[in-house]
Every structure is written in structure tokens, then in C-alpha cells.
Amino acid sequence: MSGLIKLMHCAVLMSTALAANLVCAAVPTKILGFEDMSCRAWVASRSDAEQRALYVAWLRGVLTGHNYANPSQQVATISPATVEQYVNRYCSEKPATQFSDAAFRLSDQFSGRNAPITK
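Residues numbered from 1 in each chain as written. Predicted model: local features only at pLDDT ≥ 70, side-chain atom pairs only at ≥ 80, totals over all residues. Heavy atoms only, no water.

### Overview of the confidence of the model for the protein
- Chain-level pLDDT for the protein is 79 on average; 72% of the residues reach the 70-or-more range.
- Helix α2 (residues 39-44) holds the highest mean pLDDT among the elements of the protein, 96, whereas helix α1 (residues 2-26) holds the lowest, 45.
- Here residues 7-24 scores under 50 on pLDDT; set against residues more than four positions off or in separate chains, the count is one contact. (pLDDT = per-residue confidence, 0-100. Helix = DSSP H or I, 4+ residues; strand = E, 2+ residues; numbered from the N terminus. Contact = heavy atoms within 4.5 Å.)

Printed below as a string of C-alpha cells:
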């Protein structure tokens, strides 16, 4: 009977962990960025060099954060021009999204993972 109790205990722990993981997956990522993170704002910043430079610096900061959180899958050195080109393409293909989404996809592609981050 002791083995059955241990098995049931393990099953309860595993199902609890699975349920907790599902709850965590539903929590959206908190983006600490600009007031307007839309691709529309990104496109509008093309004519404002100072604002565009701030956006690119923020995006590069996201990539640095990725490297800090994922030391085994780091984004290699990437130029500001490459970041800008990538986000331009992303926002032209998905104009209704946030340019922060482009940063996450950029980290996926340039870290060698080629898949969205999963917890």
C-alpha cells in the first residue's frame, strides 16, 4: 500500500505543477517600454531620428536582457542598422502588432533558437 500512496502523491504533485505552469503561461509579459509600442508608432518615428534612435536602443536593450536570461543561447553582436531593418520588415508585415514583438522574434532568430521563448 505504501507504494500506491507514493504513486498517488507523485501524481498529485505532478498535476499541481502542471496546473501551476498553465496558469503561469496565461500571464502576459510585462513590457517596460514606451507609451506607444505599436508598429504604427515605429513607422511614424522614421521621420524623427531622435525617437528612432531611442526605439533602436530600447530594442537592443531587450536583446541584452535576452542574453542575460539565456546565457547558453545568446544573441550575437547585432548592429543598430540590422535591428532597424528587421523591425521595419516585421512592422510592414504585421502593422497591427507591437514593435516589442519584433524584438522577441529578433531574439528568437539571432540566438539560434528559431522558436518563441517558452517557460
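### Examining the nonpolar core
- Residues Trp42, Leu59, Val83, Val87 and Phe99 are the most contacted members of the largest nonpolar core, which totals 21 residues.
- When residues of this core are traced back to their parent elements, those giving at least two are α2, α3 (49-69), α4 (80-93) and α5 (99-110).
- Take this core: its biggest share by element is six residues, from α3.
- When sequence neighbours within four positions are dropped, the list of residues in contact with Phe99 reads Phe34, Asp36, Met37, Ser38, Cys39, Trp42, Tyr55, Trp58, Leu59, Val87 and Cys91. (Core = buried A, V, L, I, M, F, W, Y, C linked by side-chain atoms within 4.5 Å. Buried < 20%, exposed > 50% of the residue type's maximum accessible area, 1.4 Å probe, protein only.)

### Concerning the state of the cysteines
- Per the stated rule, a full pass over the model turns up one disulfide.
- The side chain of Cys39 participates in a disulfide bridge whose partner is Cys91; the two sulfur atoms lie 2.1 Å from each other. Every disulfide takes its handedness from the sign of the S-S torsion; for Cys39 and Cys91 that torsion is -65 degrees, giving left-handed. With Cys39 in helix α2 and Cys91 in helix α4, this residue pair connects regions lying 52 residues apart in the sequence.
- Residue class for Cys39 comes out buried when judged on its relative accessible area of 1%. (Disulfide = S-S within 2.5 Å.)

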